[in-house]
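Chain and residue survey
Spelled out from the first residue to the last, the chains are:
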Amino acid sequence: DDYATQRDRPAEAGTSRLSAALHFGELSPRQIWAAITARSKESGVFPPSNGARVFLTELGWREFAHHLLFHFPHTAEVPLRPEFARFPWADDPGGVKLRAWQRGRTGYPIVDAGLRELWRTGWMHNRVRMIVASFLVKHLRLNWTHGAVWFWDTLVDADLANNTLGWQWSAGCGADAAPYFRIFAPVLQGQKFDADGAYVRRWLPELARLPAKHIHAPWTAPAEVLAAAGVTLGENYPRPIVDHAKARAEALAAFQELRSAKIGGR
């Protein structure tokens, strides 16, 4: 019943964790839908509570993803919105930034915690999936297909339809996608959804002793605070590989370049 709010708290057990069972056919969406509906009727709450309705909506998105892939099979590799084929993605000589992202070494704790959870467990919290995806395609401005391939290789619930829909949503190039100019600020996302830093501390033990005030932006902590927490930036935890404000400005400029090309007919 509290799914609508708890699903956004990565430190909490607030999601169903049924994605792998759904992908492998151990459960069907119809079974889940029927069970939730029956439970609501038995408890005298019908239509279902807001939390249950939000959960059922997520099932609907899952089925929509399969609908899209069936009718547009090329979208596993190509943007649904064709103009994004001309998007000016950034260069990454030697794949340095991509590897830092893959291994959870970006210097942004909420991003790194999610990617280390993925590497260690084969799963990542849904809110954090959106944060790390936004970081790849907007802060690093790397092609969304790099992220889709990494998730496909590492997720135990890897599902081609949902993976494609999710990454194209993040990159702004899919069906009903988030606008590309909607750029998640990783520090604010961490502060909002992991306020006390419990999730970050779990997956980034090198930051575990930092106070909550600085856990999502260690580079802002005074030297004495870092020393007391045993954190040495650039050694046992990286400095940010990009500056948020600069990366945001460059992403918006790239999007404007794409829009100008479209308006100009190029």
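Residues numbered from 1 in each chain as written. Predicted model: local features only at pLDDT ≥ 70, side-chain atom pairs only at ≥ 80, totals over all residues. Heavy atoms only, no water.

Some details on unusual backbone geometry
Note the following rule: The numbering of helices and of strands both runs from the N terminus, where a helix is a DSSP run of H or I of at least 4 residues and a strand a run of E of at least 2.
The backbone of R17 shows a phi angle near 60 degrees, a positive value even though the residue is not glycine. Relative to the assigned elements, R17 resides in the loop between α1 (3-6) and α2 (19-23). Here the phi dihedral of R141 falls at roughly 50 degrees; this positive angle occurs in a residue that is not glycine. Inspection of the secondary structure assignment puts R141 in the loop between α7 (126-139) and α8 (144-154).

Digging into the nonpolar core
Rule in force here: Buried Ala, Val, Leu, Ile, Met, Phe, Trp, Tyr and Cys residues form a nonpolar core when they are joined through side-chain atoms within 4.5 Å. For every residue, the accessible area obtained with a 1.4 Å probe (protein chains only) is divided by the maximum for its type, and the residue is called buried under 20%, exposed over 50%, and partly exposed between those limits. Pairs of residues are marked as contacts when any of their non-hydrogen atoms sit within 4.5 Å.
Formed by 54 residues in total, the largest nonpolar core has its most connected members in W101, V111, F151 and W167. Of all the secondary-structure elements, those providing two or more residues to this core are α5 (96-102), α6 (109-121), α7, α8, α9 (160-171), α11 (198-203), α12 (223-229) and α13 (244-263). Broken down by element, this core gets its largest block of residues, seven residues, from α7. Every residue in contact with V111, bar those within four places of it in the chain, is listed here: W101, T106, I131, V132, F135 and P186.

Overview of the side chain of S40
Turning to its location among the elements, S40 is positioned in helix α3 (residues 29-42). Those residues in contact with S40 that sit more than four places away from it in its chain are V45, F46 and P48.

A closer look at the environment of L258
For L258, the location among the structural elements is in helix α13. Assessed through its relative accessible area of 4%, L258 is described here as buried. For the pair L258 and P88, spaced 170 residues apart in sequence, the C-alpha to C-alpha distance is 7.3 Å. Beyond its immediate sequence surroundings of up to four residues, L258 is in contact with E83, F84, R86 and F87.

Notes on the packing of aromatic side chains
To keep things clear, this is the line we draw: To pair, rings of Phe, Tyr and Trp, with the six-membered ring standing in for Trp, must have centres within 6.5 Å; the planes then decide the type, stacked if under 30 degrees apart, edge-to-face if over 60, and tilted in the middle. Whether a charge sits over a ring depends on NZ of Lys or CZ of Arg being within 6 Å of the ring centre and within 35 degrees of the ring normal.
One pass over the full model with this rule turns up eleven aromatic pairs. With a centroid separation of 5.2 Å and 85 degrees between ring planes, the pair formed by Y3 and F55 is classed as edge-to-face. Of this pair, Y3 sits in helix α1 while F55 sits in helix α4 (residues 50-71), and the two are 52 residues apart along the sequence. Overall, the relative accessible area of 14% leaves Y3 in the buried class. Exposure remark for F55: the relative accessible area of 13% places this residue in the buried category. With 5.2 Å between their ring centres and 75 degrees between their planes, Y108 and W219 make a pair best called edge-to-face. Of this pair, Y108 sits in the loop between α5 and α6 while W219 sits in the loop between α11 and α12, and the two are 111 residues apart along the sequence. Each member of the aromatic cluster is reached from another via a ring pair, and the members are F84, F87 and W89. In this structure, R103 is placed above the aromatic ring of W119, and the distance from its NZ or CZ to the ring centre is 4.1 Å.

Some remarks on the side chain of H139
Filter applied, for reference: Definition of a polar contact: a pair of N or O atoms within 3.5 Å, with one able to donate and the other able to accept a hydrogen when the atoms are protein atoms, and with sequence-neighbouring residues admitted only if both atoms are side-chain atoms.
By the secondary structure assignment, H139 is in helix α7. Within the local environment of H139, its side chain forms a polar contact with the side chain of H244, the two groups lying 2.8 Å apart. Setting aside residues up to four positions removed in sequence, H139 forms contacts with S134, I183, F184, P186, V242, H244 and A247.

With respect to the pattern of salt bridges
Our working rule: Basic side-chain nitrogens of Lys or Arg form a salt bridge, by our definition, when they fall within 4 Å of a carboxyl oxygen of Asp or Glu.
Taken as a whole, this structure holds nine salt bridges when the rule is applied. Salt-bridge contacts for R81 lead to E83; the nearest nitrogen and oxygen are separated by 3.1 Å. Taking the relative accessible area as the measure of exposure, E83 reaches 14% and is therefore buried. In this structure, the salt-bridge partner of E250 is K246, at a minimum N-O distance of 2.6 Å.

Observations concerning the environment of D112
Among the secondary structure elements, D112 is positioned in helix α6. Look at D112 and you get buried, because its relative accessible area is 0%. In this structure, the C-alpha to C-alpha distance between D112 and Q102, residues ten residues apart in sequence, is 8.6 Å. Setting aside residues up to four positions removed in sequence, D112 forms contacts with G104, R105, T106, G107, L204 and Y237. Among the polar contacts listed, one links the side chain of D112 to the backbone nitrogen of G107, at a separation of 3.0 Å.

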